[in-house]
Amino acid sequence: QQQVKQSPQSLIVQKGGISIINCAYENTAFDYFPWYQQFPGKGPALLIAIRPDVSEKKEGRFTISFNKSAKQFSLHIMDSQPGDSATYFCPSRAASKLTFGTGTRLQVTL
Amino acid sequence: DVKVTQSSRYLVKRTGEKVFLECVQDMDHENMFWYRQDPGLGLRLIYFSYDVKMKEKGDIPEGYSVSREKKERFSLILESASTNQTSMYLCASRMRDRFSNQPQHFGDGTRLSIL
C-alpha cells in the first residue's frame, strides 16, 4: 500500500499569511496528487489536484507544487483567510482506492 | 451538482443492535465508498463497491458488511454494534474511471454513537 506522510498535523496562520502543508510519498509510481478540504460538519471535497508531469498548478489562492526528485508535493494557500480554516488531506492512491490519512488541521486567526 | 445523501446526521444505538447506515447518490456513479473518521486517525476506508452487487473490503472491514442492490444506494451494516464503532461515518461516490482520477463526492456524514 502506498504511503503518504503529511505535515504538519496542525497549523495556525494569521489572516493574510501563507499556509503551507507538505506531503511526502514513497512510491514513484504514484501518479495523481489530489488535495481534499473538509470543513467542520461536512464531508471532504476535492480542492485541487496535480499530475507529476506538471510542476505547479494554481487555482486562485491555492497552489500545488510538485517536486518529483524529492517525492514531495505541497499545498500553498496565499493570503490565508478565516474561511480557509478546515482540515486538508493529501490522499494516496493504490489499486483505485484513496487512503486519506490524518490530515492537517488549519486555523486562520484574525 | 453531485448530491450524496446520508439518511441520518446523528444516530444513537445500543450495544448488540444491528445498525443500518444508508447512502444515496444522484449522479449515476458506479463507485461508492464507506469511511469512518476518528480523531487522530483520519479517514479510514471500510468497504467500497465498484458497481451494483460488487463489494471490496477496505482497510478496516471487521464488524461491518455492506449491500449494493441498486446503483444509487450503498448501505453499511453493523452486524452487532459495539462501543468501539462509535464514530463519524462518511459515504462517497465517484464516476468510474480507469485511472481513478475522478474526484470522490462525499456526504456530510452520520455521527453514530453506540451506548
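Up top you'll find the structure we're talking about.
Residues numbered from 1 in each chain as written. Chains lettered and ligands numbered in written order. Predicted model: local features only at pLDDT ≥ 70, side-chain atom pairs only at ≥ 80, totals over all residues. Heavy atoms only, no water.

**Student:** Break down the sheet that holds strand 8 (residues 72-77) of chain A for me, citing the residues and quoting the values.
**Tutor:** The strands making up a sheet are joined through hydrogen bonds of the backbone, oriented either antiparallel or parallel. Residues and elements named next belong to chain A. Pairing in this open sheet of five strands is antiparallel, and the strands run 1-3-8-7-6 from one edge to the other. Across the chains shown, the open sheet's two edge strands, defined by having one partner strand only, are strand 1 (4-7) and strand 6 (56-59). Between one strand and the next, the sheet's axes are offset by a mean angle of 15°, whatever the strand orientation. Sheet topology places strand 6 next to strand 7 (residues 62-67); four bridges connect them, and they run antiparallel. (Pairing = 2+ DSSP bridges. Helix = DSSP H or I, 4+ residues; strand = E, 2+ residues; numbered from the N terminus. Axes fitted to C-alpha atoms, helices over the stretch in contact; angles between N-to-C directions.)

**Student:** Requested: an account of the packing of aromatic side chains, with residues and values cited.
**Tutor:** One pass over the structure, following the stated rule, counts 16 aromatic pairs over all chains. On the basis of an interplanar angle of 85° and a centroid distance of 5.4 Å, the ring pair of F100(A) and Y35(B) is categorised as edge-to-face. Taken together, the residues F100(A) in the loop between strand 11 (97-99) and strand 12 (104-109) and Y35(B) in strand 4 (residues 31-38) connect one chain to another. (Phe/Tyr/Trp six-rings, centres within 6.5 Å; stacked < 30°, edge-to-face > 60°.)

**Student:** Describe in detail the state of the cysteines, supporting the description with residues and values.
**Tutor:** All names here are of chain A. A full pass over the atoms with the stated rule returns two disulfides over all chains. One disulfide bridge connects C23 with C90, the sulfur atoms lying 1.7 Å from each other. Taking the torsion about the sulfur-sulfur bond, which here is approximately -90°, the covalent link between C23 and C90 counts as left-handed. Taken together, the residues C23 in strand 3 (residues 19-25) and C90 in the loop between strand 9 (86-89) and strand 10 (92-94) connect sequence positions 67 residues apart. (Disulfide = S-S within 2.5 Å.)

**Student:** If you had to explain the interface of chain B and chain A to someone new, which residues and values would you point to?
**Tutor:** Listed as interface residues are 21 residues of chain B and, on the opposing side, 20 residues of chain A. Contact between chain B and chain A buries roughly 1700 Å² in total, counting both sides, with carbon and sulfur atoms accounting for 47%. Between the two partners, chain B and chain A, sit one salt bridge. Among the ionic pairs, D108(B) bridges to K42(A), the shortest N-O distance being 3.4 Å. At the boundary of chain B with chain A, the tally comes to seven residue pairs in polar contact (both at pLDDT 80 or more). Among the secondary structure elements, those contributing two or more residues to the side of chain B that touches chain A are strand 4, strand 5 (42-49) and strand 9 (87-94) of chain B. Considering each element in turn, the side of chain B that touches chain A owes the most residues, four residues, to strand 5 of chain B. A breakdown of the residues in the side of chain B that touches chain A according to their chemical character gives ten nonpolar, seven polar and four charged. (Contact = heavy atoms within 4.5 Å. Buried area = accessible area lost by both parts, 1.4 Å probe. Salt bridge = Lys/Arg side-chain N within 4 Å of Asp/Glu carboxyl O. Polar contact = N/O pair within 3.5 Å; in protein donor to acceptor, adjacent residues only side chain to side chain. Nonpolar A, V, L, I, M, F, W, Y, C, P; charged D, E, K, R; others polar.)

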